Amino acid sequence: MTTTSSGGSILIVEDEVALAESVHFALEVEGFDVATVGDGRDALTAVRATPPDLVLLDLMLPGLSGLDVLRTVRKDHRMPVIILTAKDAEADKVLGLELGADDYVTKPFSMRELVARVRSHLRRSRLGGTPDDSLVIAGGGVEMDIDRHEVRVRGTEVALRPKEFDLLFALLARKGKLVTRDTLISEVWGYDYMGDTKTLDVHIKRLRQKVESEPASPELIVTVRGLGYRFLGE
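Remember, it's a predicted structure, so these values are computed and weren't measured experimentally.

Before going further, it helps to spend a moment on the pairing of strand β13 (residues 228-231). Two strands pair when backbone bridges link them, and strand β11 (residues 178-180) and β13 are joined in this way by three bridges, in the antiparallel orientation. Within β13, the position partnered with V179 by the bridge is Y229. Here strand β12 (residues 221-224) runs beside β13; their pairing, made up of four bridges, is antiparallel. Looking at the pairing, I221 lines up with F231 of β13. Two successive antiparallel strands, β12 and β13, enclose a turn made up of three residues, where G226 displays a positive phi of approximately 80 degrees.

Here it is, written out as structure tokens:
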């Protein structure tokens, strides 16, 4: 088990080493105290020794399945548990929620969205909120309800494709800040993406058509030449 510092303590239970390291790093950068284990039995040992504020739990684990870990944890602990699940694990996802998981994130996922969900559940936990409270971010007349996967632009709901949604989230979550092309590609398409980087420009163009009043003269999603993009708007 590895640990590191503290907007809250997070236990990552994930046996895929590259993914675990990526999530660990992303949470560490955001100021969380992070511990990582790759085995179901080690997860229970870690929870019993020092209960974390939140658990990120993969379902497919050696030693003891994620569902068994969740079932055991829920006997004595009420910290938020977010399931990390593959796209085709619908039945396990439903069972996990029935066993007491608070949320799930489908692999592959946006690291920025995962961090936002972690923050949201920790805030709810500390304030006594419930999982029914939605995570909403907004700016420039654009409002994103992350939990419901809905977007409204100046009060009107718009339909975004999955990559467009992830791209908008990556920009809006860092409102006012430069987001480099490499960061966007990594978070939306995955750190191991080897495709044409012009794909990003195509998606930015489509996104502007849905959120900008004048897509040809964007005022929300602006280009920082040679570097990336920035989302503007209060």
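The structure having been displayed, the exposition proceeds.
To locate leftover empty space, one rolls a probe as large as a water molecule over the atoms. Looking at the largest cavity, its volume works out to about 40 Å³. Lining the largest cavity, in full, are L11, V13, A43, V47, V55, L57, V69, L70, V73 and V81. When residues of the lining of the largest cavity are traced back to their parent elements, those giving at least two are β2 (9-13), α2 (40-49), β4 (54-58) and α3 (66-73). When residues of the lining of the largest cavity are assigned to their parent elements, the largest contribution, three residues, is made by α3. Per-class residue counts for the lining of the largest cavity are 10 nonpolar, no polar and no charged.

Here the focus is the packing of helix α6 (residues 162-172) against helix α8 (residues 198-211). Direction vectors running N to C along α6 and α8 enclose 85 degrees, while the axes themselves pass 10 Å from each other. Judged by the angle between their axes, α6 and α8 are roughly perpendicular. Here K163, E164, L167, L168 and L171 of α6 lie close against α8, whose contacting residues are L200, H203, I204, R206, L207 and K210. Taken together, the residues that form the contact of α6 with α8 break down as six nonpolar, one polar and four charged.

The strand order across the open sheet formed by four strands is β7-β8-β9-β10, and the pairing between neighbours is antiparallel. What marks the edges here is a single partner per strand, and that holds for β7 (136-139) and β10 (156-158). With direction set aside, neighbouring strand axes in the sheet form an average angle of 25 degrees. Where β7 meets strand β8 (residues 142-145), four bridges bridge the pair, whose relative direction is antiparallel. Bridged to V136 within β8 is D145. On the sheet, α6 packs against β7, β8 and β9 (150-153) and is oriented at approximately 110 degrees with respect to β8.

Its place among the elements puts K107 in strand β6 (residues 103-107). At 3.0 Å, the side chain of K107 forms a polar contact with the side chain of E14. Side-chain polar atoms of K107 contact the side chain of D58, separated by 3.1 Å.

Rules and cut-offs
- Residues numbered from 1 in each chain as written.
- Predicted model: local features only at pLDDT ≥ 70, side-chain atom pairs only at ≥ 80, totals over all residues.
- Heavy atoms only, no water.
- Pairing = 2+ DSSP bridges.
- Helix = DSSP H or I, 4+ residues; strand = E, 2+ residues; numbered from the N terminus.
- 1 Å grid on protein atoms, 1.4 Å probe; cavity = no way out; pocket = protein on both sides within 12 Å on 5 of 7 lines; lining within 4 Å.
- Points joined across faces, edges and corners; volume = space filled by probe spheres on them.
- Nonpolar A, V, L, I, M, F, W, Y, C, P; charged D, E, K, R; others polar.
- Axes fitted to C-alpha atoms, helices over the stretch in contact; angles between N-to-C directions.
- Parallel < 35°, antiparallel > 145°, perpendicular 65-115°, else oblique.
- Contact = heavy atoms within 4.5 Å.
- Polar contact = N/O pair within 3.5 Å; in protein donor to acceptor, adjacent residues only side chain to side chain.

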